[in-house]
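A structural walkthrough
Below, each chain spelled out in residue letters.
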Amino acid sequence: MKKLTASVVLFNTPRSQIERLFKSVFDSKCVQTFYIIDNSPNDKWRILEREYEKEAGLAGTRLRYIHNQNLGYGSSHNLAIHEAIEAGAKYHVVLNPDVYFDSTVLSELARFMDANEDAAYVLPRVEYPNGELQYLCKLLPTPADLIFRRFLPKSWGKKRDDRYCLKASGYDKVMNPPCLSGCFMFLRLSVLQEYNVFFDDGYFMYCEDFDLIRRLHRVAKTLYYPAVKIVHDHARESYKSRAMLWAHIKSAVRYFCKWGWCFDRERGEMNKRCLREIKSWQK
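We now turn to the structure provided with this report. Since we're looking at a predicted model, the values are computed, not measured. (Residues numbered from 1 in each chain as written. Predicted model: local features only at pLDDT ≥ 70, side-chain atom pairs only at ≥ 80, totals over all residues. Heavy atoms only, no water.)

Turning our eyes to something else, we now look at the overall build of the protein. Across its full length, the protein holds eleven helices and ten strands. For 283 residues, the compact-globule estimate of 2.2 N^0.38 gives 19 Å, and the protein sits close to it at 18 Å. Projected onto its principal axes, the C-alpha positions of the protein cover 50 × 45 × 40 Å. Counting the 283 residues in the protein, one finds 53% classified as buried. A sequence separation of at least 24 residues applies to 83% of the contacts in the protein between residues at least 6 apart. Carbon together with sulfur atoms contributes 53% to the accessible area of the protein, which is approximately 13700 Å² in total. (Helix = DSSP H or I, 4+ residues; strand = E, 2+ residues; numbered from the N terminus. Rg over C-alpha atoms; globule rule 2.2 N^0.38 Å. Buried < 20%, exposed > 50% of the residue type's maximum accessible area, 1.4 Å probe, protein only. Contact = heavy atoms within 4.5 Å. Areas by Shrake-Rupley, 256 points an atom, 1.4 Å probe, with all protein chains shown as cover.)

Look at K29: it is not a glycine, yet its phi comes out positive at around 55°. Position of K29 among the secondary structure elements: in the loop between α1 (15-28) and β2 (31-38). At N196, a residue that is not glycine, the phi angle is positive and equals roughly 55°.

Okay, the sheet that holds strand β6 (residues 119-127) next. Taken together, eight strands build an open sheet; the order of strands is β3-β2-β1-β4-β9-β6-β10-β5 and the sheet is mixed. At either margin of the open sheet sits one strand with a lone partner, and together these are β3 (62-67) and β5 (99-100). Looking at chain direction, β6 and strand β9 (residues 184-188) are connected through two bridges and run antiparallel. Paired with V122 across the two strands is F186, which belongs to β9. Contacting β1 (4-10), β2, β3, β4 (91-95) and β5, α1 runs over the sheet at an angle of about 160° to β2. (Pairing = 2+ DSSP bridges. Axes fitted to C-alpha atoms, helices over the stretch in contact; angles between N-to-C directions.)

The next subject is helix α9 (residues 208-219). For α9, built from twelve residues, the straight-helix expectation of 16 Å at 1.5 Å per residue is met to within 8% by its first-to-last C-alpha distance of 18 Å. Most of α9 sits inside the fold, with ten of its twelve residues counted as buried. Every buried residue belonging to α9 is among E208, D209, F210, D211, L212, I213, R214, R215, L216 and H217, and all of these are buried. (Expected span 1.5 Å × (residues − 1).)

Time to look at the packing of α9 against helix α11 (residues 265-281). Orientation of α9 relative to α11, taken along the N-to-C sense of each, is 70°, at an axis distance of 12 Å. Relative to α11, the element α9 lies roughly perpendicular. Mapping the contact onto sequence places R214, H217 and R218 in α9 and E266, R267, M270 and R273 in α11. Of the residues assigned to the contact of α9 with α11, the class counts are one nonpolar, one polar and five charged. (Parallel < 35°, antiparallel > 145°, perpendicular 65-115°, else oblique. Nonpolar A, V, L, I, M, F, W, Y, C, P; charged D, E, K, R; others polar.)

As a further point, take the side chain of D200. Take D200: it is sitting in the loop between α8 (189-195) and α9. At a separation of 2.9 Å, a polar atom in the side chain of D200 contacts the side chain of K258. Those residues in contact with D200 that sit more than four places away from it in its chain are D211, R215, R254 and K258. (Polar contact = N/O pair within 3.5 Å; in protein donor to acceptor, adjacent residues only side chain to side chain.)

Our next topic: the packing of aromatic side chains. Using the criterion set out here, one finds 13 aromatic pairs in the structure. With a centroid separation of 5.7 Å and an interplanar angle of 85°, the aromatic rings of F101 and F184 are classed as edge-to-face. With F101 in the loop between β5 and α5 (105-115) and F184 in strand β9, this pair connects stretches of sequence that are 83 residues apart. For the pair F101 and F184, one class covers both residues: buried. Between Y255 and W259, the ring centres sit 6.5 Å apart and the planes meet at 45°, which makes this aromatic pair tilted. Here W259 and Y255 lie together in helix α10 (residues 242-259), a separation of four residues that amounts to about one turn. It is K167 that lies over the ring of Y135; its NZ or CZ is 4.6 Å from the centre. A cation over an aromatic ring shows up here: R254 above the ring of Y203, its NZ or CZ 5.3 Å from the ring centre. (Phe/Tyr/Trp six-rings, centres within 6.5 Å; stacked < 30°, edge-to-face > 60°. Lys NZ or Arg CZ within 6 Å of the ring centre and 35° of its normal.)

Along the polypeptide, R160 turns up in helix α7 (residues 158-164). On a C-alpha basis, the gap between R160 and R50 in space is 49 Å, while along the polypeptide they are 110 residues apart. What R160 contacts, discounting residues up to four positions off in sequence, is T142, A144, D145 and F148. For R160, the side chain forms a polar contact with the side chain of D145, separated by 2.9 Å.

Applying the stated rule across the entire model yields 23 salt bridges. Note that K167 is salt-bridged to D162, the shortest N-O span being 3.3 Å. Bridged by salt links that share partners, the residues D200, D211, R215, R254 and K258 form one connected network. (Salt bridge = Lys/Arg side-chain N within 4 Å of Asp/Glu carboxyl O.)

This is the structure in structure tokens:
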């Protein structure tokens, strides 16, 4: 069995999402420890340990429930990642509660990572429940990229957004973008440990995935692998809630203050390298 662990952060999470994700994890039968980080005001989800004890046992999975002060998404997953490293895990999967997948996905991604030892991260093809592709491979963003996406009509910035989301790639080949979604993060723990690359605790929610993957991309490949797919029932909360929108804005400000607003030489170099790779396929 692969030394593979996984973690999910719960906060006001619908029961239906929990059940769907847990089924995906246990059906995989290759997760050594599944960390449940509960950021709810009380430990109401401790009951999951008892309710899923039998299923976890049959899958050969240990459930590890942690009721945590709500320090944010990345900080909470850091707790599980550090424990996984101490336990000798080889790979760790950071899961959103709104994803699900079939029983072969995790073992296939582990095989892919075994064959690509220069990779620190892999993202599979991600679809909406209706089968529509989610364009989650990206260039490192400029402030204008995020502003156009969020606040202007789609038709105004379509060309710019298509470039930002690497649509010209066709999303049908393995590629090495500098920025990918954090909804499903399959990570090689030895790289995180060697280079001390973990989630930045300064982000509460949003942009922590961009920040982490950028730092991983400096030292290893961060790959998209379309031969395997998952489903992401993405609710786009920051488009519905002012509080979530404000959280998103604060995280974006932190990101650009850290990496650069208009002047970011590394961003330019990483983006050019990615675009050259895609352009080479089209010759």
